[in-house]
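Inside the fold
Take a look at the letters that make up each chain.
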Amino acid sequence: MQDIRLIATDMDHTLLTEKGQLPPQMGSYIDRLTDAGILFAIASGRPIYTLRKLFAASKEKMAFICDNGGSIYLHGQNIYKSLIPVKEYQEMVGYVLDDTDGRPIVCGLDAAYIPKEDARFVPVYKTFYANVKLVDDIRHLDVEANKFTIYFPNLDSEKQYKDVFGPAFGSRYSVAVSDNDWIDIMNFGVDKGRGMRMLGKELGIKANQMMAFGDSFNDVEMLQTVKYSYRVGNANPGIYQYADYVTGTNDDYGVLQVIKQVLAAQRRG
(Lines give C-alpha, C1' and ligand atoms only; values in the text may rest on other atoms or scores of the structure.)
Protein backbone atom coordinates (compact mmCIF):
# COMPACT_ATOMS: atom_id res chain seq x y z
CA MET A 1 0.00 0.00 0.00
CA GLN A 2 3.00 2.31 -0.07
CA ASP A 3 2.30 3.45 -3.63
CA ILE A 4 -1.25 4.71 -3.12
CA ARG A 5 -1.84 8.24 -4.45
CA LEU A 6 -5.65 8.39 -4.82
CA ILE A 7 -8.33 7.00 -2.51
CA ALA A 8 -11.99 7.34 -3.48
CA THR A 9 -15.07 6.25 -1.60
CA ASP A 10 -18.78 6.13 -2.12
CA MET A 11 -20.85 7.91 0.51
CA ASP A 12 -24.16 6.26 1.39
CA HIS A 13 -23.84 2.87 3.11
CA THR A 14 -20.07 3.03 2.53
CA LEU A 15 -18.33 5.98 4.20
CA LEU A 16 -21.44 7.22 5.99
CA THR A 17 -22.99 5.14 8.75
CA GLU A 18 -26.61 4.06 8.56
CA LYS A 19 -27.40 7.17 10.61
CA GLY A 20 -25.81 9.26 7.86
CA GLN A 21 -22.75 10.23 9.91
CA LEU A 22 -19.12 10.50 8.86
CA PRO A 23 -16.53 8.45 10.75
CA PRO A 24 -15.11 10.28 13.78
CA GLN A 25 -12.28 12.75 13.07
CA MET A 26 -12.64 12.24 9.33
CA GLY A 27 -11.27 15.71 8.67
CA SER A 28 -8.03 14.94 10.47
CA TYR A 29 -7.57 11.77 8.42
CA ILE A 30 -8.08 13.74 5.21
CA ASP A 31 -5.37 16.12 6.44
CA ARG A 32 -3.03 13.21 7.11
CA LEU A 33 -3.66 11.71 3.68
CA THR A 34 -2.98 15.09 2.08
CA ASP A 35 0.28 15.43 4.02
CA ALA A 36 1.25 11.96 2.79
CA GLY A 37 0.70 12.98 -0.84
CA ILE A 38 -2.55 11.01 -1.21
CA LEU A 39 -5.62 12.67 -2.73
CA PHE A 40 -8.89 11.80 -0.99
CA ALA A 41 -11.95 11.77 -3.23
CA ILE A 42 -15.67 11.31 -2.77
CA ALA A 43 -17.39 9.42 -5.58
CA SER A 44 -21.10 9.79 -5.04
CA GLY A 45 -24.47 10.15 -6.65
CA ARG A 46 -24.86 13.29 -4.56
CA PRO A 47 -24.32 16.73 -6.14
CA ILE A 48 -21.45 19.08 -5.39
CA TYR A 49 -23.51 21.55 -3.36
CA THR A 50 -24.45 18.80 -0.90
CA LEU A 51 -20.96 17.31 -0.68
CA ARG A 52 -19.28 20.65 -0.09
CA LYS A 53 -21.46 21.21 2.96
CA LEU A 54 -20.52 17.83 4.39
CA PHE A 55 -16.79 18.46 3.87
CA ALA A 56 -16.72 22.22 4.43
CA ALA A 57 -13.39 22.23 6.24
CA SER A 58 -11.59 19.91 3.80
CA LYS A 59 -13.19 20.57 0.41
CA GLU A 60 -10.24 22.51 -1.06
CA LYS A 61 -7.92 19.56 -0.39
CA MET A 62 -10.20 16.96 -1.96
CA ALA A 63 -11.68 15.78 -5.23
CA PHE A 64 -15.37 15.14 -5.82
CA ILE A 65 -16.78 12.82 -8.46
CA CYS A 66 -20.37 14.05 -8.23
CA ASP A 67 -23.64 12.79 -9.67
CA ASN A 68 -22.07 9.40 -10.42
CA GLY A 69 -19.45 11.05 -12.60
CA GLY A 70 -21.62 13.72 -14.18
CA SER A 71 -19.25 16.38 -12.85
CA ILE A 72 -15.79 16.37 -11.29
CA TYR A 73 -14.19 18.92 -8.97
CA LEU A 74 -10.54 19.04 -7.97
CA HIS A 75 -9.24 21.35 -5.23
CA GLY A 76 -12.37 23.50 -5.52
CA GLN A 77 -12.38 23.79 -9.31
CA ASN A 78 -14.72 22.13 -11.78
CA ILE A 79 -12.65 20.15 -14.29
CA TYR A 80 -15.46 18.26 -16.04
CA LYS A 81 -19.22 18.24 -16.53
CA SER A 82 -21.42 16.16 -18.81
CA LEU A 83 -24.75 17.88 -19.41
CA ILE A 84 -27.80 15.94 -20.56
CA PRO A 85 -29.53 17.76 -23.45
CA VAL A 86 -32.73 19.46 -22.28
CA LYS A 87 -34.99 17.68 -24.75
CA GLU A 88 -33.59 14.33 -23.65
CA TYR A 89 -34.25 14.74 -19.92
CA GLN A 90 -37.67 16.19 -20.77
CA GLU A 91 -38.34 12.91 -22.58
CA MET A 92 -37.26 11.02 -19.45
CA VAL A 93 -39.58 13.11 -17.27
CA GLY A 94 -42.55 12.34 -19.50
CA TYR A 95 -41.74 8.65 -19.60
CA VAL A 96 -41.48 8.38 -15.81
CA LEU A 97 -44.69 10.32 -15.18
CA ASP A 98 -46.75 8.63 -17.88
CA ASP A 99 -45.52 5.03 -17.86
CA THR A 100 -44.05 4.18 -14.42
CA ASP A 101 -44.74 4.55 -10.71
CA GLY A 102 -41.36 6.24 -10.14
CA ARG A 103 -40.95 9.92 -9.32
CA PRO A 104 -38.67 12.10 -11.49
CA ILE A 105 -35.84 14.32 -10.29
CA VAL A 106 -33.90 16.52 -12.71
CA CYS A 107 -30.49 16.99 -11.14
CA GLY A 108 -29.41 20.50 -12.08
CA LEU A 109 -25.99 21.86 -11.27
CA ASP A 110 -27.55 24.18 -8.68
CA ALA A 111 -30.54 22.23 -7.37
CA ALA A 112 -32.72 19.13 -7.67
CA TYR A 113 -35.92 19.95 -9.55
CA ILE A 114 -39.10 17.99 -8.79
CA PRO A 115 -42.81 18.28 -9.63
CA LYS A 116 -44.70 20.38 -7.12
CA GLU A 117 -47.04 17.47 -6.46
CA ASP A 118 -44.07 15.55 -5.02
CA ALA A 119 -43.58 18.00 -2.15
CA ARG A 120 -44.27 15.14 0.30
CA PHE A 121 -40.96 13.55 -0.73
CA VAL A 122 -38.85 16.63 -0.02
CA PRO A 123 -37.74 15.39 3.45
CA VAL A 124 -36.37 12.23 1.79
CA TYR A 125 -34.71 14.12 -1.04
CA LYS A 126 -33.11 16.68 1.28
CA THR A 127 -30.85 13.99 2.70
CA PHE A 128 -29.11 13.81 -0.66
CA TYR A 129 -29.99 17.10 -2.36
CA ALA A 130 -29.47 20.07 -0.07
CA ASN A 131 -31.29 22.35 -2.51
CA VAL A 132 -34.67 21.11 -3.79
CA LYS A 133 -36.89 23.24 -6.02
CA LEU A 134 -40.58 22.55 -6.75
CA VAL A 135 -41.60 23.07 -10.36
CA ASP A 136 -45.11 23.80 -11.66
CA ASP A 137 -44.48 22.14 -15.03
CA ILE A 138 -41.45 19.88 -14.88
CA ARG A 139 -42.15 18.49 -18.35
CA HIS A 140 -40.92 21.79 -19.79
CA LEU A 141 -38.06 22.50 -17.37
CA ASP A 142 -35.01 24.04 -19.06
CA VAL A 143 -31.88 24.07 -16.85
CA GLU A 144 -28.34 22.70 -17.00
CA ALA A 145 -28.50 19.14 -15.65
CA ASN A 146 -25.95 16.34 -15.52
CA LYS A 147 -28.10 13.56 -14.08
CA PHE A 148 -31.69 12.37 -14.09
CA THR A 149 -32.84 10.37 -11.09
CA ILE A 150 -35.93 8.29 -10.42
CA TYR A 151 -37.14 7.72 -6.86
CA PHE A 152 -39.12 4.57 -6.11
CA PRO A 153 -41.25 4.79 -2.96
CA ASN A 154 -41.88 1.03 -3.24
CA LEU A 155 -38.15 0.28 -2.84
CA ASP A 156 -38.00 -1.84 -5.99
CA SER A 157 -35.27 -0.13 -8.01
CA GLU A 158 -33.44 -3.34 -8.98
CA LYS A 159 -36.63 -4.82 -10.47
CA GLN A 160 -37.42 -1.51 -12.16
CA TYR A 161 -33.94 -1.44 -13.67
CA LYS A 162 -34.23 -4.98 -15.00
CA ASP A 163 -37.79 -4.75 -16.30
CA VAL A 164 -38.20 -1.12 -17.32
CA PHE A 165 -35.33 1.38 -17.26
CA GLY A 166 -32.48 -0.81 -18.44
CA PRO A 167 -34.36 -1.87 -21.57
CA ALA A 168 -35.78 1.62 -22.18
CA PHE A 169 -32.61 3.70 -21.70
CA GLY A 170 -29.61 1.41 -21.31
CA SER A 171 -28.56 1.50 -24.95
CA ARG A 172 -28.40 5.32 -25.02
CA TYR A 173 -27.37 6.31 -21.49
CA SER A 174 -25.48 5.13 -18.43
CA VAL A 175 -28.18 3.70 -16.16
CA ALA A 176 -27.29 2.67 -12.61
CA VAL A 177 -29.08 1.37 -9.53
CA SER A 178 -27.72 3.43 -6.65
CA ASP A 179 -29.86 2.02 -3.83
CA ASN A 180 -33.09 0.09 -3.41
CA ASP A 181 -35.10 3.26 -4.03
CA TRP A 182 -33.03 5.07 -6.69
CA ILE A 183 -32.03 4.74 -10.32
CA ASP A 184 -29.67 7.30 -11.87
CA ILE A 185 -29.37 8.10 -15.57
CA MET A 186 -26.35 9.95 -16.99
CA ASN A 187 -24.95 10.50 -20.46
CA PHE A 188 -23.59 7.35 -22.08
CA GLY A 189 -20.17 6.42 -20.72
CA VAL A 190 -20.50 8.55 -17.59
CA ASP A 191 -19.82 6.64 -14.38
CA LYS A 192 -17.57 6.73 -11.34
CA GLY A 193 -14.92 4.63 -13.06
CA ARG A 194 -14.55 7.17 -15.82
CA GLY A 195 -14.34 9.86 -13.15
CA MET A 196 -11.41 8.04 -11.56
CA ARG A 197 -9.64 7.72 -14.89
CA MET A 198 -10.12 11.42 -15.60
CA LEU A 199 -8.66 12.34 -12.21
CA GLY A 200 -5.78 10.00 -12.88
CA LYS A 201 -5.08 11.60 -16.24
CA GLU A 202 -5.28 15.09 -14.75
CA LEU A 203 -2.83 14.25 -11.97
CA GLY A 204 -0.60 11.61 -13.55
CA ILE A 205 -1.89 8.86 -11.27
CA LYS A 206 -2.05 5.30 -12.59
CA ALA A 207 -4.79 2.78 -11.84
CA ASN A 208 -2.33 0.69 -9.79
CA GLN A 209 -1.93 3.69 -7.48
CA MET A 210 -5.68 3.98 -6.85
CA MET A 211 -7.92 2.57 -4.13
CA ALA A 212 -11.72 2.67 -3.99
CA PHE A 213 -14.58 1.63 -1.71
CA GLY A 214 -18.19 0.88 -2.60
CA ASP A 215 -21.35 -0.94 -1.66
CA SER A 216 -23.72 -0.92 -4.64
CA PHE A 217 -24.11 -1.23 -8.40
CA ASN A 218 -23.23 2.38 -9.21
CA ASP A 219 -19.78 1.66 -7.73
CA VAL A 220 -18.98 -1.25 -10.05
CA GLU A 221 -17.09 0.67 -12.75
CA MET A 222 -15.02 2.45 -10.10
CA LEU A 223 -14.10 -0.83 -8.43
CA GLN A 224 -13.15 -2.30 -11.80
CA THR A 225 -10.90 0.67 -12.56
CA VAL A 226 -8.60 0.62 -9.53
CA LYS A 227 -6.00 -1.86 -8.32
CA TYR A 228 -7.17 -1.83 -4.70
CA SER A 229 -10.95 -2.40 -4.87
CA TYR A 230 -12.83 -2.78 -1.59
CA ARG A 231 -16.40 -3.56 -0.74
CA VAL A 232 -17.69 -2.75 2.73
CA GLY A 233 -19.04 -5.60 4.83
CA ASN A 234 -22.63 -4.46 4.30
CA ALA A 235 -22.35 -4.25 0.50
CA ASN A 236 -25.01 -5.59 -1.85
CA PRO A 237 -24.08 -9.22 -2.62
CA GLY A 238 -24.47 -8.41 -6.30
CA ILE A 239 -21.18 -6.48 -6.29
CA TYR A 240 -19.03 -9.00 -4.41
CA GLN A 241 -17.43 -10.20 -7.66
CA TYR A 242 -16.18 -6.71 -8.53
CA ALA A 243 -14.15 -6.08 -5.36
CA ASP A 244 -10.87 -7.85 -4.65
CA TYR A 245 -10.91 -6.98 -0.95
CA VAL A 246 -13.43 -6.58 1.84
CA THR A 247 -13.37 -4.33 4.91
CA GLY A 248 -15.69 -3.73 7.84
CA THR A 249 -19.22 -2.42 7.53
CA ASN A 250 -20.01 1.27 7.29
CA ASP A 251 -21.15 1.26 10.90
CA ASP A 252 -17.78 -0.25 11.85
CA TYR A 253 -16.02 2.53 9.86
CA GLY A 254 -14.66 0.01 7.36
CA VAL A 255 -13.28 2.70 5.05
CA LEU A 256 -11.41 4.33 7.90
CA GLN A 257 -9.97 0.97 8.96
CA VAL A 258 -8.19 0.68 5.59
CA ILE A 259 -7.16 4.35 5.50
CA LYS A 260 -5.37 3.77 8.79
CA GLN A 261 -3.54 0.83 7.22
CA VAL A 262 -2.53 2.98 4.25
CA LEU A 263 -1.17 5.71 6.51
CA ALA A 264 0.74 3.13 8.58
CA ALA A 265 2.29 1.70 5.40
CA GLN A 266 3.34 5.21 4.34
CA ARG A 267 5.09 5.72 7.66
CA ARG A 268 6.90 2.38 7.33
CA GLY A 269 7.95 3.33 3.81
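As the structure is a prediction and not an experimental result, all values here were calculated from the model.

**Some points on the domain arrangement of the protein**
Looking at the protein, the domain boundaries give domain 1 (6-81 + 190-267) and domain 2 (86-187). On the domain 2 side, the residues contacting the 18 residues of domain 1 number 23 residues. Between domain 1 and domain 2 the total buried area reaches about 1,600 Å² when both faces are included, carbon and sulfur atoms providing 48% of it. In this assembly, domain 1 and domain 2 are joined by two salt bridges. Ionic pairing is found between Asp67 and Lys147, a salt bridge with its closest N-O pair at 3.8 Å. Where domain 1 meets domain 2, there are 13 residue pairs in polar contact (both at pLDDT 80 or more). For the side of domain 1 that touches domain 2, the secondary structure elements donating two or more residues are helix 1 (11-15) and helix 3 (48-54). The dominant element in the side of domain 1 that touches domain 2, judged by the number of residues it contributes, is helix 3, at three residues.

**What to know about the nonpolar core**
Ile7, Phe40, Ile42, Phe64, Met211 and Ile259 are the most contacted members of the largest nonpolar core, which totals 54 residues. Apart from the residues within four sequence positions on either side, Ile7 is in contact with Leu33, Ile38, Leu39, Phe40, Ala41, Met211, Phe213 and Val262. Counting residues in hydrophobic clusters, the runner-up holds 23 residues, among them Val106, Ile138, Ala145 and Phe165.

Thresholds, definitions, all that
- Residues numbered from 1 in each chain as written.
- Predicted model: local features only at pLDDT ≥ 70, side-chain atom pairs only at ≥ 80, totals over all residues.
- Heavy atoms only, no water.
- Domains from an automatic or database assignment.
- Contact = heavy atoms within 4.5 Å.
- Buried area = accessible area lost by both parts, 1.4 Å probe.
- Salt bridge = Lys/Arg side-chain N within 4 Å of Asp/Glu carboxyl O.
- Polar contact = N/O pair within 3.5 Å; in protein donor to acceptor, adjacent residues only side chain to side chain.
- Helix = DSSP H or I, 4+ residues; strand = E, 2+ residues; numbered from the N terminus.
- Core = buried A, V, L, I, M, F, W, Y, C linked by side-chain atoms within 4.5 Å.
- Buried < 20%, exposed > 50% of the residue type's maximum accessible area, 1.4 Å probe, protein only.

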